[in-house]
Amino acid sequence: MSSDERLHHLDALRSVAMLLGIVLHASLFLLPSNWWPVTDEWAGTIDLRFNPYAYLVDLIHGFRMPIFFLLSGFFSAMLWQRRGVRYFIWHRVKRIGLPLLISAFTLVPIVTWLFAPEEFIPLKHWHKAWFFGFAHLWFLWYLLWMTAVFALLIRIGLRFHTRAWWLLIPTTVVFQLLMQEATTFGADLPAFSVIPTAHLFGYYWIFFLYGVFFYCRKFQVRRRWVFAILPALVLYLSAQYFWALQETPSDTVIVASWIVFAVIQEGYAWLMCFGLMGVFKWLVNQERNWIRYLSDSSYWLYLCHLPLVIVAQMMLATWPISVHFKVAIIFATTSVLLLITYEFGVRYTIIGRVLNGPRYRLKNNAPTLEKD
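None of the values given here were measured: they were computed from a predicted structure.

How would you sum up the overall build of the protein? Please name residues and give values.
Regarding its fold elements, the protein presents 14 helices and 2 strands. Relative to the compact-globule value of 21 Å for 372 residues, the protein shows a C-alpha radius of gyration of 21 Å, a close match. In terms of overall dimensions, the protein has C-alpha extents of about 65 × 50 × 40 Å along its principal axes. Counting only residues that meet the buried cut, the protein has 50% of its 372 residues in that class. Residue pairs at least 24 apart in sequence account for 76% of intrachain contacts in the protein once pairs closer than 6 positions are excluded. Summed over its atoms, the accessible surface of the protein is roughly 18,300 Å², and 68% of this surface lies on carbon and sulfur atoms. Taking the average place of the 30 positive charges on the side chains of the protein and the average place of its 19 negative ones, the gap between the two points comes to 16 Å.

Set out below in structure tokens:
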């Protein structure tokens, strides 16, 4: 993709959403949990209602993956329309399938061992760690399945620009009602299985299809969409009330509050998607070299950050310093370390070629040449 074809605001939004994954994972050890591999003792000393990281995790989790899949659908449609379905499939296999395959035998065993060091023996089980899912890389696995289904829909001649596709937005409420984790704001976490969770796949598939529809209808992102963030935050605050109603003894109240809670969660997710597109249209309406670089590096950071985050949490969990400082250290050191490895070991190597396409340096400090 050449420079003049890139939509810089959406590129920047996608990369920032990836970086928010580091913030989210860095914060999880400050929540009381029986599934995260390390928990800071501070998490047990503060009421969850007054734990700022509980709200931070919810706010990020409520929109981050929906906007990932929406943008994936948008860029998938762009690639299909400009290069054809065969190139689209090959591109997705190369950019998503190959990194996932390599990670299944490298990163996934490391993460699995960090989560279950007593049950998982690396030298014995490393080759089958992915049987229990792809850890934080489940997004890529789901996206490969969506690529296959999308290619099939293209082959049978389905049209993606008719107005009926607007019905996709309220449809997500149906999948939200099927979510099993009643204490989680937003979508469920994927199961520890290589088989995609049906209701979760359907939920994110709707956002992917809307991204396709968004591109095929030639919609233009507007700066005024930024104002959608305010009602989104109001919805999030109101969700706390209906969430509390789940503890009432009345079955009628529980069912009614669960339905309202689902509607609120989906309203929040969609409004944040539109609102953040408006924010980045406002802030990043033209190419900036450092944002372009961040966009290129964000895929590498997404792939490799989780083991580093968990190890850093294990090291810092008992340090007698502010928990806020701990999160800042984890985020900063993980990001800086991965950016250094990206610059000197990834960007201009075969790894970078697989992830982002070739990047070439010019002499005399001239800009980097790119070809995709």
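On we go from here.
Tell me about the confidence of the model for the protein, residues and numbers included.
With 92% of its residues at a pLDDT of 70 or more, the protein shows a mean pLDDT of 90. Scored below 50 in pLDDT, residues 365–369 shows 9 contacts in the model against residues more than four places distant or in partner chains.

Any chance you could break down the pattern of salt bridges for me, citing the residues and the numbers?
Applying the stated rule across the entire model yields 5 salt bridges. Where D47 meets R49, a salt bridge forms, and the shortest distance between an N and an O atom there is 3.0 Å. On the basis of relative accessibility, which here comes to 56%, the residue R49 falls in the exposed class. Across the pair D296 and R359 runs a salt bridge whose closest N-O atoms are separated by 3.3 Å. Here D296, found in helix α12 (residues 289–316), pairs with R359, found in strand β1 (residues 359–360); they are 63 residues apart in sequence, far enough to count as distant. Neither D296 nor R359 differs from the other in exposure class; each is buried.

Outline the packing of helix α1 (residues 8–27) against α12, supporting the account with residue identities and numerical values.
With their axes 8 Å apart at the nearest point, α1 and α12 run at an angle of 10° to one another. In terms of orientation, α1 lies roughly parallel with respect to α12. In this structure, α1 uses D11, A12, S15, M18, L19, G21, I22, H25, A26 and S27 to contact α12, whose residues at the interface are I291, L294, S295, S298, Y299, L301, Y302, H305, L306, V309 and Q313. A breakdown of the residues in the contact of α1 with α12 according to their chemical character gives 12 nonpolar, 8 polar and 1 charged.

Kindly report on the packing of aromatic side chains, identifying the contributing residues and their values.
Applying the stated criterion across every chain, the model contains 49 aromatic pairs. When the centroid spacing of 5.9 Å and the interplanar angle of 55° are considered together, the rings of W166 and Y210 count as tilted. Of this pair, W166 sits in the loop between α7 (138–155) and α8 (168–177) while Y210 sits in helix α9 (residues 198–216), and the two are 44 residues apart along the sequence. Assessed through its relative accessible area of 0%, Y210 is described here as buried.

Mind laying out unusual backbone geometry, listing which residues take part and the relevant values?
Despite not being glycine, A135 has its phi angle at roughly 55°, a positive value. For A135, the location among the structural elements is in the loop between α6 (122–125) and α7. The phi dihedral of K218 is positive, around 60°, even though this residue is not glycine. Turning to its location among the elements, K218 is positioned in the loop between α9 and α10 (229–244). We classify K218 as exposed; its relative accessible area is 51%.

Outline a nonpolar patch on the surface, supporting the account with residue identities and numerical values.
A cluster of nonpolar side chains, namely L98, L101, I102, F105 and W126, defines an oily patch on the protein surface of about 460 Å² accessible area. Along the chain, the position of W126 falls in the loop between α6 and α7. Residue classification places W126 among the partly exposed positions, given a relative accessible area of 40%.

Now, about the nonpolar core: what can you tell me, with residues and values included?
Counting 117 residues, the largest nonpolar core has F69, L140, F150, F160, Y204 and L303 as the members making the most contacts within it. Here this core takes 15 residues from α9, the largest share from any one element. Each residue touching F150, except ones within four places of it in the same chain, is listed here: S76, A77, W80, F88, F160, W205, F208 and V212.

Quick rundown of the environment of Q220? Include the residues and the values.
Tracing the backbone shows Q220 in the loop between α9 and α10. The partly exposed category is assigned to Q220, whose relative accessible area is 48%. A sequence separation of 167 residues divides Q220 from Y53, and the C-alpha atoms of the two residues are 34 Å apart.

Residue-level account of the packing of helix α3 (residues 64–83) against α9, with values.
One way to put it is that α3 packs onto α9 with a least axis distance of 7 Å and a crossing angle of 45°. By the angle class used here, α3 and α9 are oblique. In the packing of α3 onto α9, the handedness of the crossing is right-handed. Residues that form the contact of α3 with α9 fall into these classes: 17 nonpolar, 5 polar and 1 charged.

An account of the side chain of H199 is requested, with residue identities and associated values reported.
With respect to the helices, strands and loops of the structure, H199 is situated in helix α9. Note on H199: relative accessible area 16%, which makes it buried. Within polar-contact distance, the side chain of H199 engages the side chain of D188 at 3.0 Å. Excluding anything up to four places from it in sequence, H199 contacts F175, L178, M179, Q180 and D188.

The rules we used
Residues numbered from 1 in each chain as written. Predicted model: local features only at pLDDT ≥ 70, side-chain atom pairs only at ≥ 80, totals over all residues. Heavy atoms only, no water. Helix = DSSP H or I, 4+ residues; strand = E, 2+ residues; numbered from the N terminus. Rg over C-alpha atoms; globule rule 2.2 N^0.38 Å. Buried < 20%, exposed > 50% of the residue type's maximum accessible area, 1.4 Å probe, protein only. Contact = heavy atoms within 4.5 Å. Areas by Shrake-Rupley, 256 points an atom, 1.4 Å probe, with all protein chains shown as cover. Lys, Arg positive; Asp, Glu negative; His and termini not counted. Charge placed at Lys NZ, Arg CZ, Asp CG, Glu CD. pLDDT = per-residue confidence, 0-100. Salt bridge = Lys/Arg side-chain N within 4 Å of Asp/Glu carboxyl O. Axes fitted to C-alpha atoms, helices over the stretch in contact; angles between N-to-C directions. Parallel < 35°, antiparallel > 145°, perpendicular 65-115°, else oblique. Nonpolar A, V, L, I, M, F, W, Y, C, P; charged D, E, K, R; others polar. Phe/Tyr/Trp six-rings, centres within 6.5 Å; stacked < 30°, edge-to-face > 60°. Patch = residues over 30% accessible without salt bridge, like charges linked within 9 Å, V, L, I, M, F, W, Y side chains within 5 Å. Core = buried A, V, L, I, M, F, W, Y, C linked by side-chain atoms within 4.5 Å. Left-handed = near helix turned anticlockwise from the far one by under 90°. Polar contact = N/O pair within 3.5 Å; in protein donor to acceptor, adjacent residues only side chain to side chain.

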